[in-house]
Amino acid sequence: MTSEERTAKDRRLDDYRVDPQDTVLTTDQGIRIDDTDNSLSAGERGPTLMEDFHFREKLTHFDHERIPERVVHARGAGAYGYYQAYDNSLADTTTAGFLIDPGIKTPVFVRFSTVAGSRGSADTVRDVRGFAVKFYTEQGNHDLVGNNFPVFFIQDGIKFPDFVHAVKPEPDNEIPQASSAHDTLWDFVQLQPETTHMMMWLMSDRAIPRSYRMMQGFGVHTFRLVNAEGRGTFVKFHWKPKLGTHSLVWDEAQKIAGRDPDFNRRDLWEAIEAGDFPEWELGLQLVPESDEFAFDFDLLDATKIIPEEIVPVRPVGRLILNRNPDNFFAETEQVAFHLGNVVPGIDFTNDPLLQARLFSYLDTQLIRLGGPNFPQIPVNRPIAEVRNNQRDGYHQMTIHRGQASYHPNSLGGGFPALADRDRYVHHQERVDGDKIRKRSESFGDHYRQATLFWNSMSEWERKHIVAAFRFELGKVRHNHIREGVVRNLNNVDHELAVLIASGIGVAPPEAPSVPNHGQSSPALSQAGSAKDSVLTRRIALLAADGVDADAITRLYGELVGAGATLDVLSTQGGTVRGGDGEHIPVTHPLPTTSSVVYDAVLVPGGEGGVQLLAEDGAAMHFMAEAYKHGKALGVLGSAMALLDIARIGSASDYPGDGGVSVEQGVVLGDTVSDDFVQEFIAAVTAHRHPERVIRHIPA
Ligand code: HDE
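Residues numbered from 1 in each chain as written. Predicted model: local features only at pLDDT ≥ 70, side-chain atom pairs only at ≥ 80, totals over all residues. Heavy atoms only, no water.

**Q** How would you sum up the coordination of the iron atom of the ligand? Please name residues and give values.
**A** No other protein atom reaches the iron atom of the ligand as a donor apart from Tyr361 (OH), found 1.9 Å away. As for its placement among the helices and strands, tyrosine 361 is situated in helix α10 (residues 352-368). (Donors = N, O, S within 2.8 Å, 3.2 Å for Na, K, Ca; no water. Helix = DSSP H or I, 4+ residues; strand = E, 2+ residues; numbered from the N terminus.)

And the structure:
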């Protein structure tokens, strides 16, 4: 990283970084140690001595290395970077400098996470993903603690412990890990219809993102921006990934969980190491306070979106992640996000889910990070100056000088003084009402937007949703729970409910009294997401001795030149011999990898090589599985014979005129012509080809 790319936060972290280079082993007290392999004992075979302070200190520290994992969002990965506003004329709307000044590069730390699984669970489970951003602004830390879905399961935070208890592994045997496919979650869902909209998202492909770099983020709640005059504007925050929003398919996601449980974490790390810095655009939906009641839902209800077609998302800046942490525990594990960390110009609303979160985050950090001084942990420290009269407590790192630690004081000159500018001013709002426990009637509709989501899906997205419901409910043992879910879904869409019922052994329901309203919001579908580059796409090239080596050289140049990666996979490690005797290094032997960790497959011709691949079950499985998961396949010359063997097509699909044929992402050609390269790149750029017929594929 060049010195120009280093942020103010990077410079602050310098004081805390420790490098082992050119150092000597010592105890925590600085005593130099010359043997850390043998404990001090009475005789070579005698008992260990208590006075071995090095042994005692080393073991004691080790015994205390673990802290409680997060009660939710335990599994995560993080990175540093910066946020920079566009020239966006928001100055009339907020006083938050980092949102309006294009001249400021605000340092950030971002942590992505799954929700239900433990720290060691797999990345590619069906779940919501956390998308938490800490902005180290000059006005203090601002945290936007969001998710990759724009809505939530419940409307009031008092239900959060119930929901989390239901989705987490069941309490008697702690099964299943990191999965919503079990009775307690679906029992809660069928009895709590406000979960319906979120469950549609959870059963969609959004719940299995291809990469953290390819998922959207949402602030979920309606927040408020406040300008210098104190005027408020309602706002919803959106993060839009530059690479588009793309997902895995469910069969693939489950297999990756075994093949590479760190799939999303590794992807983020490797992209940053390679200099392919992940990027998102921040967009805002702004609603004047005068329009608070202009919608057919309540802006304070976190189970609702504002459709983008009604209030467009206005792009206001971009987020770049450009540095991996130095130490997972010190930074990614100890980072403490809190929805209540806000800077002047950004304020809350009375969303009851938001309000509950204002309590919960600080509370959880006190236990997780062991006391009230966690804001002093390097990753949590603001770059803005911190001065107050808070004192003492566990792990106090600051040596506060002076006699006075109270306000007002005369002995300390009255310092720290009260701010008279750039201070936080709470938005003024008149509030009065009876003290009651009652949900507002404006929160009463739980189905209209679930229907909107369903109506907005493409045909293949709908198929995936139905399959996901069938999978999850197929694992539910109690029939009354399955029936309850189908009853709720009947209010979303009758056809959806019937399709699910027929797959899980439940009697199809009667048509509901309120039919589908027929409205849709095209922005909700992933079908139309950005598909304009192969940047960082992983392509597998299958080869064996006798392969057409020239084809590999040409393909490598073209694809890596376009920003993809190309791995040569073969039946064994070492090198593959080309038809003319050249040696091509093998990236991975086939048995050590799998099609599921790649985005596309290429198979060049070359008689001997094709024959060897045809006889190799792993190679044929690789092609069939990639086909089943909708991935682009490029097949050249004599390798077309493999299409029949893998049961994914036929060599006769190729007209044999020296040109290129393309059918649902399968690109066939005689040679690596310009046309072939172009068509293959287009097929990879499209991400997946979900319209293929795949029922017959055994993989
Ligand atoms: Fe959280 N949530 N949450 N949550 N949440 C936590 O805080 C909570 C909610 C979100 O990478 C916890 O430090 C309550 C919505 C993310 O470190 C905890 C309610 C959204 C992360 C907590 C919600 C989120 C958390 C657990 C209902 C999206 C991970 C550990 C009122 C807008 C942050 C921790 C990270 C973490 C409570 C609902 C996002 C217990 C009570 C809605 C991304 O404080």
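**Q** Break down the site of the ligand for me, with residues and values.
**A** The full set close to the ligand counts 23 residues, and Arg70, Arg111, Arg357, Tyr361 and Gln365 are the nearest of them. The side chain of histidine 73 places a nitrogen or oxygen atom 3.4 Å from a nitrogen atom of the ligand. Note that a nitrogen atom of the ligand is positioned 2.7 Å from one of the side-chain N or O atoms of tyrosine 361. Listed by contribution, the elements that provide at least two residues to the shell around the ligand are β3 (129-137), β4 (140-147) and α10. Ranked by residue count, the leading element in the shell around the ligand is α10, at seven residues. (Near = heavy atom within 4 Å. Polar contact = N/O pair within 3.5 Å; in protein donor to acceptor, adjacent residues only side chain to side chain.)

**Q** Run through the environment of arginine 439, naming residues and quoting values.
**A** You can see arginine 439 is positioned in the loop between α10 and α11 (448-456). You can call arginine 439 partly exposed: its relative accessible area is 31%. It is 71 Å that separates the C-alpha atoms of arginine 439 and glycine 546, two residues lying 107 residues apart in sequence. Setting aside its immediate chain neighbours within four residues, arginine 439 contacts Gln155, Asp156, Lys159 and Glu194. (Buried < 20%, exposed > 50% of the residue type's maximum accessible area, 1.4 Å probe, protein only. Contact = heavy atoms within 4.5 Å.)

**Q** Can you explain the domain arrangement of the protein chain? Please cite residues and give values.
**A** Frequently, the measure chosen for interface size is the accessible area that the parts lose on association. Split into domains, the protein chain comes out as domain 1 (76-168 + 209-379), domain 2 (453-528) and domain 3 (538-685). Here domain 1 and domain 2 have C-alpha centroids that lie 29 Å from each other. Contact residues are listed per partner, giving eleven residues for domain 1 and nine residues for domain 2. With both sides pooled, the region where domain 1 packs onto domain 2 buries about 750 Å², and carbon together with sulfur makes up 56% of that total. (Domains from an automatic or database assignment. Buried area = accessible area lost by both parts, 1.4 Å probe.)

**Q** Residue-level account of the environment of valine 145, with values.
**A** As for its position among the elements, valine 145 is in strand β4. What makes valine 145 buried here is its relative accessible area of 10%. Separated by 15 residues in sequence, valine 145 and glycine 130 place their C-alpha atoms 7.6 Å apart. Valine 145 has contacts with Phe131, Ala132, Phe337, His338, Leu339, Arg357 and Tyr361, leaving out every residue within four places of it along the chain.

**Q** Break down the pattern of salt bridges for me, with residues and values.
**A** Throughout the structure, instances matching the rule amount to 34 salt bridges. In this structure, the salt-bridge partner of aspartate 267 is arginine 213, at a minimum N-O distance of 2.9 Å. A residue pair is termed long-range when its members are at least 10 positions apart, and aspartate 267 in helix α8 (residues 263-273) and arginine 213 in the loop between α6 (196-202) and β5 (217-218) qualify at 54 residues. Judged by its relative accessible area of 10%, aspartate 267 falls in the buried class. (Salt bridge = Lys/Arg side-chain N within 4 Å of Asp/Glu carboxyl O.)

**Q** Go over the nonpolar core, please, and point to the residues and values.
**A** One finds Phe153, Trp186, Met200, Phe469, Leu489 and Ile500 to be the most contacted residues of the largest nonpolar core, which totals 53 residues. Elements represented by at least two residues in this core include exactly α4 (160-167), α5 (183-191), α6, α11, α12 (459-474), α13 (479-490) and α14 (494-504). Residue contacts for isoleucine 500: discarding those within four places in its chain leaves Val466, Phe469, Arg470, Leu473, Val486 and Leu489. In this structure, Ile256, Leu542, Val601 and Ile697 belong to the second largest nonpolar core, which totals 37 residues. (Core = buried A, V, L, I, M, F, W, Y, C linked by side-chain atoms within 4.5 Å.)

**Q** Lay out the sheet that holds strand β12 (residues 565-570) with the relevant residues and their values.
**A** Here seven strands make up an open sheet; going across it, the order is β15-β12-β11-β16-β17-β19-β18 and the pairing mixed. Both outer strands of the open sheet, β15 (588-589) and β18 (660-663), are each paired with one neighbouring strand and no more. Across four bridges, the pairing between strand β16 (residues 600-603) and strand β17 (residues 632-636) is parallel. Bridge pairing in β17 links valine 601 to leucine 633. (Pairing = 2+ DSSP bridges.)

**Q** Break down the packing of α12 against α14 for me, citing the residues and quoting the values.
**A** Where α12 contacts α14, the two axes come as close as 9 Å, and the packing angle between them is 40°. Taken as axis vectors, α12 and α14 run oblique relative to one another. Where α12 crosses over α14, the handedness of that crossing is right-handed. Where α12 approaches α14, its residues Val466, Phe469, Arg470, Leu473 and Gly474 are matched on the opposing element by Leu496, Leu499, Ile500, Ser502, Gly503 and Ile504. Taken together, the residues of the contact of α12 with α14 sort by class into seven nonpolar, three polar and one charged. (Axes fitted to C-alpha atoms, helices over the stretch in contact; angles between N-to-C directions. Parallel < 35°, antiparallel > 145°, perpendicular 65-115°, else oblique. Left-handed = near helix turned anticlockwise from the far one by under 90°. Nonpolar A, V, L, I, M, F, W, Y, C, P; charged D, E, K, R; others polar.)

**Q** I'd like a rundown of helix α16 (residues 607-614), residues and numbers included.
**A** Every buried residue belonging to α16 is among Gly609, Val610 and Leu613, and all of these are buried. Viewed along the axis of α16, the buried residues span an arc of 95°, placing them on a single side of the element. The inward-facing, buried residues of α16 contact β11 (538-542), β16, α17 (617-628) and α18 (641-645). (Arc of directions from axis to C-beta.)

**Q** Describe the side chain of asparagine 490, and please don't skip the residues or the numbers.
**A** With respect to the secondary-structure elements, asparagine 490 resides in helix α13. If we ignore the near neighbours within four places in the chain, the residues touching asparagine 490 are Ala497, Pro509, Glu510, Ala511 and Pro512.

**Q** Residue-level account of α12, with values.
**A** Within an α-helix, residues lying three or four positions from one another point in the same direction, as the helix has 3.6 residues per turn. The first and last C-alpha atoms of α12 sit 22 Å apart over 16 residues, in line with the 22 Å expected at 1.5 Å per residue. Taken together, the buried positions of α12 are occupied by Glu461, Ile465, Val466, Ala468, Phe469, Glu472 and Leu473. Projected down its long axis, α12 carries its buried residues within an arc of 160°, all on one side. Opposite the packed face of α12, turned more than 90 degrees from it, sit the exposed residues Glu459, Lys463 and Gly474. Buried positions along α12 lie against α5, α6, α11, α13 and α14. (Expected span 1.5 Å × (residues − 1).)

**Q** I'd like a rundown of the packing of α13 against α14, residues and numbers included.
**A** Packing of α13 against α14 leaves a shortest axis separation of 8 Å and a crossing angle of 160°. One element, α13, and the other, α14, form an angle in the roughly antiparallel class. As for how α13 packs across α14, the hand of that crossing is right-handed. For the pair α13 and α14, the contacting residues are Arg482, Val486, Leu489 and Asn490 in the first and His494, Leu496, Ala497, Ile500, Ala501 and Ile504 in the second. Of the residues contributing to the contact of α13 with α14, the split by class is seven nonpolar, two polar and one charged.

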